[in-house]
Amino acid sequence: GFSVLTLFMCADAQVLGGAVSSFAFQITNPAIAMTSPSLQIGGVDDVPIVFAEQEMTKPGLVLDTVPLGSDPLMIVTGQSQLLMTQSNPVADAVNTIVVDLAFNVPKYQGEVQYITISGLLGAVMDPDVPMTSTLGTNVFCRNSTEGVLTRGIGAWDAATNRLTFEICADLEIETDRSLGALFYFRNPAVAQGSPANILVQGRGSVYLPNTPVIKPGTAVEGVPQGADPLKAVYWFNTRNIGQQTPLADKPNVITLTLHPNVLVPAGTKVTVSGLFGAIVANPTILAASPAAGNNGHQKFCVGATAARGAWSGSSASLILTVCAGQSLLKDTEYRLTFGVTNPSQYQESPDVSIQASNGVVVPVALMIRDPASLVGVEFGSSPLRIEVPTFVTRVVSQSTPLSSASNEILVELISNVDMDTATVTVSGLLDSKPCEIPVEITMVQDPGALQKSVQDAPGYPGTPGGLWAEADGVLEFVLTGLVSSSGYLFSFNVRNPPAATRADIVDIDITVAASGTNGVGAAERTVAMPEAVMTKLAGEARGVAGGQDPRVVVVEDDPQPGFWNGTGARSGATCGDGYMDEGEACDDGDVAPGDGCSSTCTCENSPCSIRLGVSSPLSSAVAGMPAGSILELEPGTYSTENHCYLIFKTGISIMAVAEGVVFDCSSCANAALVLAAANVLFEGVEFRGLSVMSSSGEVAKRRSLKFTDCTFSGSERDEQAGLHITGADMTITLVTCTVKSNKGGGVHFE
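Residues numbered from 1 in each chain as written. Predicted model: local features only at pLDDT ≥ 70, side-chain atom pairs only at ≥ 80, totals over all residues. Heavy atoms only, no water.

Caption draft 1: Molecular detail of the overall build of the protein. Regarding its fold elements, the protein presents three helices and 54 strands. Taking 2.2 N^0.38 as the reference for a compact globule, 750 residues should give roughly 27 Å; the C-alpha atoms of the protein span a radius of gyration of 48 Å, well beyond that estimate. Dimensions along the principal axes, computed over C-alpha positions, put the protein at roughly 160 × 90 × 45 Å. Put simply, the protein has 750 residues, and 46% of those count as buried. Within the protein, contacts between residues at least 6 apart in sequence are counted, and of these 69% link residues at least 24 apart. Summed over all atoms, the accessible surface of the protein reaches about 34500 Å², with 54% contributed by carbon and sulfur. Charged side chains in the protein number 39 positive and 74 negative. The centres of these two groups are separated by 8 Å. (Helix = DSSP H or I, 4+ residues; strand = E, 2+ residues; numbered from the N terminus. Rg over C-alpha atoms; globule rule 2.2 N^0.38 Å. Buried < 20%, exposed > 50% of the residue type's maximum accessible area, 1.4 Å probe, protein only. Contact = heavy atoms within 4.5 Å. Areas by Shrake-Rupley, 256 points an atom, 1.4 Å probe, with all protein chains shown as cover. Lys, Arg positive; Asp, Glu negative; His and termini not counted. Charge placed at Lys NZ, Arg CZ, Asp CG, Glu CD.)

Laid out in structure tokens, this is it:
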């Protein structure tokens, strides 16, 4: 039961006592792994000198990374992870296999290592197999019978289903270094499972017995265990799906494109599943696709009726049965369409799958959705991606909340769909009046590029704008080329009502709606955006909290700092800037003494008297100077915001120093005067339209206003008189004044 090596000392040789004698001999290691056996040495009985048998001493050192590898007959076999994975499980398709080769012993330069992979049943390869490695393209070699070395090539033996390759002799591979052997081939044309006995064997510098590969067992392309080597399935190489429109509640056309890698015979059921949300007739009429290619609709039947499919509402599936006497040819592309009605709610495109059963089995696979945008909807070509048309951004604001003022309404709209034309309706602007008919609409952002988007108002060629329905506060206009996700910022001017917002309309919403067309198709062109509430900005405007809200209109009789510059307190307020700031009794726009207002903005005489011109912020002086003050106005046209809304908190006098003092405000609104005091006087001034309003607060004395030698000239503003009076508890006296008739009359009491 023991292997014994007997050595006979030659007759003419001798071994000296105490001397070390060494010798070596060569063996072939066993083919199986084993630990170093116990080894004894001793003499035999029929020799002159007999040595007692004793245990031999082993070095116990690591050799070639193997612990105790220097001990005699300590034998290990080459081991590898041997994980084998494929990239494509489709029958008759080009495939790639990766084998994770990592040995537990090193390979040195000059050593030859051969690898054989057997059991690759069904693989189709040329005799010379291109091979690469995760370490590069020069890892694997093949020596021809003539001794010619070729790198990056393995040898395929179709008769035995074996692939053999060599790890090039000039490479040095350390222990456990993965080689990642990769080779290319074509899958079998017939569906099959992964072969059971795929083995890897190594010989040469490292011996590896036939060892089964490890299969990952994971799915590829939705095919269970599709990563297992040489598993092959029948497949639809092309399985595309798209739609004609993503708009909710619209008739829609779904397009299928199928390309089988196997002949699909009569009776085979092709099932398209996951069409959730679609409303489909049963049976479903199939039609030809407008795209070029083979029309497949006549290939499918319900009973004996061609161009029909069966709809299952419970599973949202369309079942297509190949007609008797028909088939889908291998490697041939077919197209067909069918009609649906889109759901009424928003939804993302569902995962749609396809499979075949009965005549031929094709496992379930996700269909490839058309990712293109359609009518401005991202992924709108993907099946049953549904969008409810709306303005996803709809914001409205105003420039001023002041009563009787010309007000710029600013509207921002962003649509979620494209529209060729869109009739946009903004409603709820009650009590406002248009500055002109038609209402001129101006694009605020990039006017040169976008102005063409606003069409001419009906009946007014050359005037981009809209029509106004005053009773409902409705503006209607037409946009063309509305682009999804693009911001449209436009403005139009209205005249605010002469009184504060009525309580019965303060909570009424401002809404926007649209209707129009897009370029999808004749039956799907009409697009309706239902009425939606607009977001009203609520920031400060003209010192009024929430003044950006178009529903807010105030008769301002106590202006806050932001009144003078639109928002917030002015920065750098100082004496001599023309504005009445805290602690100032006057400010005539300079710090020169001797002109009625000192260098420290105190009055130099009593009553306080200063002179102002058209560059002065007149409204600040009117609201801030003490009772009895006299403001002398130099000739000129007073037309800015700081001239056109005057708040009289005290009784002061405004007098023209010479003829030619004219108040001529915007084309939309008269100059406005809020009377919150008694004994206010104007003398020698011309108004090209003036609105007088009583303050909303209580006053100690009756409000009174006197005009002497003033002119109220003709105004072309619709519905505004030369002198327009709104409010109560006021005494207004005209002495030697001229009031001219205009579109709104001479004097109008509201």
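Caption draft 2: View of the sheet that holds strand S44 (residues 661–663). Read from one edge to the other, the open sheet built from five strands follows the order S41-S44-S47-S50-S53, with strand pairing classed as parallel. The strands lining the two open edges of the sheet, one partner per strand, are strand S41 (636–638) and strand S53 (738–739). Bridge analysis of S41 against S44 gives three bridges, and the strand direction is parallel. By the bridge assignment, Gly 636 is partnered in S44 with Val 661. (Pairing = 2+ DSSP bridges.)

Caption draft 3: Quick look at the side chain of Ser 317. Among the structural elements, Ser 317 can be located in strand S22 (residues 317–322). Of the polar contacts made by the side chain of Ser 317, one reaches the side chain of Ser 273; its length is 3.1 Å. Of note is the side chain of Ser 317, whose polar atom sits 3.0 Å from the side chain of Ser 315. Beyond its immediate stretch of four places on either side in the chain, Ser 317 contacts Thr 271, Val 272, Ser 273, Gly 274, Ala 310, Trp 311 and Ser 312. (Polar contact = N/O pair within 3.5 Å; in protein donor to acceptor, adjacent residues only side chain to side chain.)

Caption draft 4: Inspection of the pattern of salt bridges at higher detail. Evaluation of the coordinates by the stated rule reveals 17 salt bridges. For Glu 348, the salt bridge identified is with Arg 385, shortest N-O distance 3.8 Å. With Glu 348 in the loop between strand S23 (334–341) and strand S24 (353–357) and Arg 385 in the loop between strand S26 (368–369) and strand S27 (391–398), this pair connects stretches of sequence that are 37 residues apart. Residue Glu 348 is classed as partly exposed on the basis of its relative accessible area, which comes to 46%. Put simply, Asp 92, Arg 186 and Lys 330 are held in one network by salt bridges that share partners. (Salt bridge = Lys/Arg side-chain N within 4 Å of Asp/Glu carboxyl O.)

Caption draft 5: How the structure looks around a nonpolar patch on the surface. Taken together, the side chains of Leu 5, Leu 7, Phe 23, Phe 25 and Ile 27 make up a nonpolar region of the molecular surface, amounting to roughly 580 Å² of accessible area. Tracing the sequence through the fold places Leu 7 in the segment before strand S1 (40–41). (Patch = residues over 30% accessible without salt bridge, like charges linked within 9 Å, V, L, I, M, F, W, Y side chains within 5 Å.)

Caption draft 6: Fine view of the sheet that holds strand S40 (residues 630–633). The strand order across the open sheet built from six strands is S39-S40-S43-S46-S49-S52, with neighbouring strands paired in parallel fashion. With one partner strand each, in any of the chains shown, strand S39 (609–612) and strand S52 (730–735) form the two edges of the open sheet. Neighbouring strand axes in the sheet, compared pairwise and without regard to direction, differ in orientation by 15° on average. Inspection of the sheet shows strand S43 (residues 653–656) paired to strand S46 (residues 680–683) by three bridges, in the parallel sense. Residue pairing in the sheet places Ser 653 in a bridge with Leu 681 of S46. (Axes fitted to C-alpha atoms, helices over the stretch in contact; angles between N-to-C directions.)

Caption draft 7: Geometry of the packing of aromatic side chains. Under the defined criterion, the tally for this structure stands at eleven aromatic pairs. Ring centres of Phe 183 and Phe 185 lie 6.0 Å apart, and the angle between their planes is 35°; on these two criteria the pair is classed as tilted. This pair shows no difference in class: Phe 183 is buried, exactly as Phe 185 is. Ring geometry for Phe 663 and Phe 687: centres 5.4 Å apart, planes at 25°, overall stacked. Here Phe 663, found in strand S44, pairs with Phe 687, found in strand S47 (residues 686–687); they are 24 residues apart in sequence, far enough to count as distant. The pair Phe 663 / Phe 687 is uniform in exposure class, with both members buried. Each member of the aromatic cluster is reached from another via a ring pair, and the members are Tyr 638, Phe 648, Phe 663, Phe 682, Phe 687, Phe 707 and Phe 712. Its guanidinium or amino end placed over the ring of Tyr 114, Arg 203 lies 4.7 Å from that ring's centre, counting from NZ or CZ. (Phe/Tyr/Trp six-rings, centres within 6.5 Å; stacked < 30°, edge-to-face > 60°. Lys NZ or Arg CZ within 6 Å of the ring centre and 35° of its normal.)

Caption draft 8: How the structure looks around the state of the cysteines. By the definition in use, this model includes seven disulfides. For Cys 575, the disulfide goes to Cys 601, at an S-S distance of 2.1 Å. The sign of the 100° torsion about the S-S bond sets the Cys 575-Cys 601 disulfide as right-handed. Here the residue Cys 575 occupies a position in the loop between strand S38 (535–536) and S39, and Cys 601 occupies one in the loop between S38 and S39, the gap between them amounting to 26 residues. (Disulfide = S-S within 2.5 Å.)

Caption draft 9: Summary view of the environment of Gly 152. Residue placement: Gly 152 occurs in the loop between strand S8 (149–151) and strand S9 (153–157). Judged by its relative accessible area of 13%, Gly 152 falls in the buried class. In sequence terms Gly 152 and Gly 136 are 16 residues apart; their C-alpha atoms lie 9.2 Å from each other. Filtering out sequence-adjacent residues up to four positions away, Gly 152 remains in contact with Val 129, Pro 130, Met 131, Thr 137 and Phe 140.

Caption draft 10: Quick look at the pairing of strand S25 (residues 362–366). With three bridges connecting them, S24 and S25 associate as antiparallel partners. Residue pairing in the sheet places Ala 356 in a bridge with Val 362 of S25. Hairpin remark: S24 followed by S25, antiparallel, with four residues in the connecting loop; positive phi at Asn 358, about 70°.

Caption draft 11: The nonpolar core, seen in detail. Counting 39 residues, the largest nonpolar core has Leu 631, Phe 648, Phe 663, Phe 682, Leu 690 and Phe 707 as the members making the most contacts within it. If you look at the next biggest cluster of nonpolar residues, it comprises 35 residues, including Val 270, Leu 320, Leu 336 and Val 340. (Core = buried A, V, L, I, M, F, W, Y, C linked by side-chain atoms within 4.5 Å.)

Caption draft 12: Layout of unusual backbone geometry. In the segment running from Asn 282 into Pro 283, the intervening peptide bond is cis, with an omega of 0°. With omega at 0°, the peptide bond leading from Ile 437 into Pro 438 counts as cis. Along the chain, Pro 438 falls in the loop between strand S30 (433–434) and strand S31 (439–440). Non-glycine residue Glu 221 carries a positive phi angle of around 55°. A positive phi angle is found at Ala 316, which is not glycine, with a value near 50°. Considering the arrangement of structural elements, one finds Ala 316 in the loop between strand S21 (308–312) and S22.

Caption draft 13: Spotlight on the environment of Leu 723. Of note, Leu 723 is situated in strand S51 (residues 723–726). For the pair Leu 723 and Arg 186, spaced 537 residues apart in the sequence, the C-alpha separation amounts to 94 Å. Ignoring any residue separated from it by four or fewer positions in sequence, one finds Leu 723 in contact with Leu 690, Val 692, Phe 712, Leu 734, Gly 746, Val 747 and His 748.

Caption draft 14: Summary view of the environment of Ile 630. Note that Ile 630 resides in strand S40. Taking the C-alpha atoms as reference points, Ile 630 and Pro 607, 23 residues apart in sequence, are found 7.2 Å from one another. Discounting residues that sit within four places of it in the chain, Ile 630 has contacts with Pro 607, Cys 608, Ser 609, Ile 610, Ser 653 and Met 655.

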